[in-house]
Amino acid sequence: MSWYDAHMDHEKLNHFKKRLQDEQKLVDSELRSLGVRDESTPRGWDATLGEIDESATEPDEIADRIEELEGNEAEIREISAHQKNIERALARIEEGTYGICEVSGERIEEDRLDANPSARTCKEHMNGEGKVTE
Ligand SMILES: [Zn+2]
C-alpha cells in the first residue's frame, strides 16, 4: 500500500492539485502585471522599466520611479519563489510525494496544506522552509 492510499485519497489530492493550478494562474498574472517576461530565461522576469525621460522629468520623480521599480523587483522575487513552490508541489503530486515535509519526511498537517497548498514543510519545520535546498 502506498503512502497515498494510506494517507490521502485521490479526491483530496485532486482538490489540492486544482487549488495549486488556480494559484499558478494567479501568480502568473501577478508577475505579468508587475513585469515583462524575459524570453531569454524561461522563468525570468524583469521589472518593467518604462521610459524615463530624464530631461523632462523632475529629479524627485525619477527617484520615486526608481523606488517603485525596486519595490516591484522585491515583489517579483517573492512571487517567483511562491511560483517555484507551486511548480514543485505540482511535480510532487505527479511523483506521489506531495504533502510530505521536506525536513522531517513526516506528513504535513492538512490544515497547513489547506492554508497553503504549496507548503513544503510541516508546522514544526515551517521556519526552516526557506533553508530547504533542491
Ligand atoms: Zn517536518
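Our subject is the structure listed above.
All of the points below concern the structure found in this document. (Residues numbered from 1 in each chain as written. Predicted model: local features only at pLDDT ≥ 70, side-chain atom pairs only at ≥ 80, totals over all residues. Heavy atoms only, no water.)

Within the protein chain, the secondary structure is distributed over four helices and two strands. For the protein chain, the α and β elements follow one another from N to C terminus as α-α-β-β-α-α. Classification of the 134 residues of the protein chain by burial places 32% in the buried group. Accessible surface, the protein chain as shown: approximately 8900 Å² in total, 48% of it carbon and sulfur. (Helix = DSSP H or I, 4+ residues; strand = E, 2+ residues; numbered from the N terminus. Buried < 20%, exposed > 50% of the residue type's maximum accessible area, 1.4 Å probe, protein only. Areas by Shrake-Rupley, 256 points an atom, 1.4 Å probe, with all protein chains shown as cover.)

Around the zinc ion, the protein contributes the donor atoms Cys101 (SG), Ser104 (OG), Cys122 (SG) and His125 (ND1), which lie 1.9 to 2.3 Å from the metal centre. The coordination sphere of the zinc ion comprises four donor atoms, whose angles at the metal cover 89 to 123°; the geometry is tetrahedral. Mapped onto the sequence, the residues coordinating the zinc ion show the spacing C-x2-S-x17-C-x2-H. Of the two residues, Cys101 sits in the loop between helix H3 (59-95) and helix H4 (110-115) while His125 sits in the segment after H4, which places them 24 residues apart along the sequence. The class for Cys101 is buried, based on a relative accessible area of 2%. (Donors = N, O, S within 2.8 Å, 3.2 Å for Na, K, Ca; no water. Tetrahedral: all angles 85-135°; square planar, octahedral: opposite > 155°, others 65-115°.)

This brings us to the pattern of salt bridges. Overall, the coordinates contain nine salt bridges when judged by the stated rule. Arg19 is paired through a salt bridge with Asp114; the nearest N and O atoms lie 3.9 Å apart. Taken together, the residues Arg19 in helix H2 (residues 10-34) and Asp114 in helix H4 connect sequence positions 95 residues apart. Taking the relative accessible area as the measure of exposure, Arg19 reaches 26% and is therefore partly exposed. What makes Asp114 partly exposed here is its relative accessible area of 37%. With a shortest N-O distance of 3.2 Å, Glu102 and Arg92 are connected by a salt bridge. Here Glu102, found in the loop between H3 and H4, pairs with Arg92, found in helix H3; they are 10 residues apart in sequence, far enough to count as distant. (Salt bridge = Lys/Arg side-chain N within 4 Å of Asp/Glu carboxyl O.)

A rise of 1.5 Å per residue sets the reference length of H2, with its 25 residues, at 36 Å; its end C-alpha atoms lie 36 Å apart and thus fit the reference within 8%. Listing the buried residues of H2 in full gives Leu13, Phe16, Leu20, Glu23, Val27, Leu31 and Leu34. (Expected span 1.5 Å × (residues − 1).)

Of all hydrophobic cores here, the largest spans 19 residues; its most connected members are Met8, Leu20, Tyr98 and Leu113. Contributions of two or more residues to this core are made by H2 and H3. Not counting chain neighbours up to four residues away, the residues in contact with Leu113 comprise Met8, Phe16, Arg19, Tyr98, Gly99, Ile108 and Ala119. (Core = buried A, V, L, I, M, F, W, Y, C linked by side-chain atoms within 4.5 Å. Contact = heavy atoms within 4.5 Å.)

Enumeration according to the criterion identifies one aromatic pair in this entry. A centroid spacing of 5.8 Å and a plane angle of 50° characterise the contact between Phe16 and Tyr98, whose relative ring orientation is tilted. Linking Phe16 in helix H2 with Tyr98 in the loop between H3 and H4, this pair joins segments that are 82 residues apart in sequence. Taken individually, Phe16 and Tyr98 each receive the classification buried, so the pair is uniform in this respect. (Phe/Tyr/Trp six-rings, centres within 6.5 Å; stacked < 30°, edge-to-face > 60°.)

A few words on the side chain of Arg88. Summarising the element assignment, Arg88 is placed in helix H3. Of the polar contacts made by the side chain of Arg88, one reaches the side chain of Glu102; its length is 2.9 Å. (Polar contact = N/O pair within 3.5 Å; in protein donor to acceptor, adjacent residues only side chain to side chain.)

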